[in-house]
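Reading the structure
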Amino acid sequence: QVQLVESGGGLVQPGGSLRLSCAASGRIFSINAMAWYRQAPGKQRESVATITSAGSTIYEDSVKGRFTISRDNAKNTLYLQMNNLKPEDTAVYYCNFNLKNWRSGRYYYTDYWGQGTQVTVSS
């Protein structure tokens, strides 16, 4: 069983920075993609940033130029550097690993989620 443990959330003033981490443990054969999602009160969960197995990145429009997604493959760890934070960024942030596995003569994909970490941007 793969488990994802998040850390780095907290309370920060507008314009400040936070760095979120997501460390995976357990059996991992191959990572297809990793991503950060967030969910604010009264809103749907949305994708914030994605990094593919090839290293390509995709960002939600509102965070472009402010957030950076990165990974350390050797440690199976995902990061989200958040700069120039705004009150609108306040949400619970979840990391996601889409894992590729070999079973019964075929590849299949499974999503794993972190427990969520609260990010609050307020003065």
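Our structure's up above, just so we're on the same page.
Anyway, here's the lowdown on the structure attached to this text. (Residues numbered from 1 in each chain as written. Predicted model: local features only at pLDDT ≥ 70, side-chain atom pairs only at ≥ 80, totals over all residues. Heavy atoms only, no water.)

Section: the sheet that holds strand E3 (residues 18-25)
The cut-off we apply is this: Two strands make a pair as long as DSSP finds a minimum of two bridges between them. Secondary structure elements follow DSSP: runs of H or I no shorter than four residues count as helices, runs of E no shorter than two count as strands, and numbering proceeds from the N terminus. Axis angles are defined between N-to-C directions and span 0 to 180 degrees, where every axis is a line fitted to C-alpha atoms and, for a helix, only to the segment in contact.
Taken in spatial order, the four strands of this open sheet run E1-E3-E8-E7, and their pairing is antiparallel. Each edge of the sheet is formed by a strand with only one pairing partner; in this case those strands are strand E1 (3-7) and strand E7 (67-72). Put simply, the sheet's adjacent strands are angled 15° from each other on average, direction ignored. Direction of pairing for E3 relative to strand E8 (residues 77-82): antiparallel, over a ladder of six bridges. Considered in E8, the bridge of alanine 23 is made with threonine 77.

Here's the deal with the pattern of salt bridges
The test is simple: The salt bridge definition used is simple: a Lys or Arg side-chain nitrogen within 4 Å of an Asp or Glu carboxyl oxygen.
One pass over the structure, following the stated rule, counts four salt bridges. A single salt-bridge network, built from bridges that share partners, covers Arg38, Glu46, Arg66 and Asp89.

Considerations on a nonpolar patch on the surface
Here is the rule we go by: Here, patches come from residues exposed beyond 30% relative accessible area and free of salt bridges, joined within 9 Å for like charges and within 5 Å for nonpolar side chains (Val, Leu, Ile, Met, Phe, Trp, Tyr). Reported accessibility uses the Shrake-Rupley method at a 1.4 Å probe radius. Residues are deemed covered only where the shown protein chains occlude them. Whether a residue is buried, partly exposed or exposed follows from its accessible area with a 1.4 Å probe, protein chains only, as a fraction of its type maximum: under 20%, in between, or over 50%, in that order.
A contiguous nonpolar patch, built from Phe29, Trp102, Tyr107 and Tyr109 and spanning about 480 Å² of accessible area, is present on the exposed surface. The residue tyrosine 107 is located in strand E10 (residues 106-113) in this model. Classification of tyrosine 107 by relative accessible area gives partly exposed; the value is 42%.

Let's talk about the environment of threonine 110
We count it as follows: Two residues qualify as a contact provided that any one of their heavy atoms is within 4.5 Å of a heavy atom in the partner residue.
Among the structural elements, threonine 110 can be located in strand E10. Given the relative accessible area of 22%, threonine 110 is considered partly exposed. Setting aside residues up to four positions removed in sequence, threonine 110 forms contacts with Phe97, Asn98, Leu99 and Asn101.

Some words on the pairing of E1
Here E1 shows one buried face, formed by Leu4 and Glu6, and one open face, formed by Gln3, Val5 and Ser7. Looking at chain direction, E1 and E3 are connected through five bridges and run antiparallel. In the strand pairing of E3, serine 7 is matched with serine 21.

Details of the packing of aromatic side chains
Quick reminder of the rule: Between 30 and 60 degrees the pair is tilted, below 30 it is stacked and above 60 it is edge-to-face, where a pair is any two Phe, Tyr or Trp rings, Trp via its six-membered ring, whose centres lie within 6.5 Å. Sitting over a ring, as applied to charges here, requires NZ of Lys or CZ of Arg to be within 6 Å of the ring centre and within 35 degrees of the ring normal.
Counting across every chain of the model gives two aromatic pairs. When the centroid spacing of 4.8 Å and the interplanar angle of 65° are considered together, the rings of tryptophan 102 and tyrosine 107 count as edge-to-face. Lying across the ring of tyrosine 79, arginine 19 places its NZ or CZ 4.2 Å from the centre.

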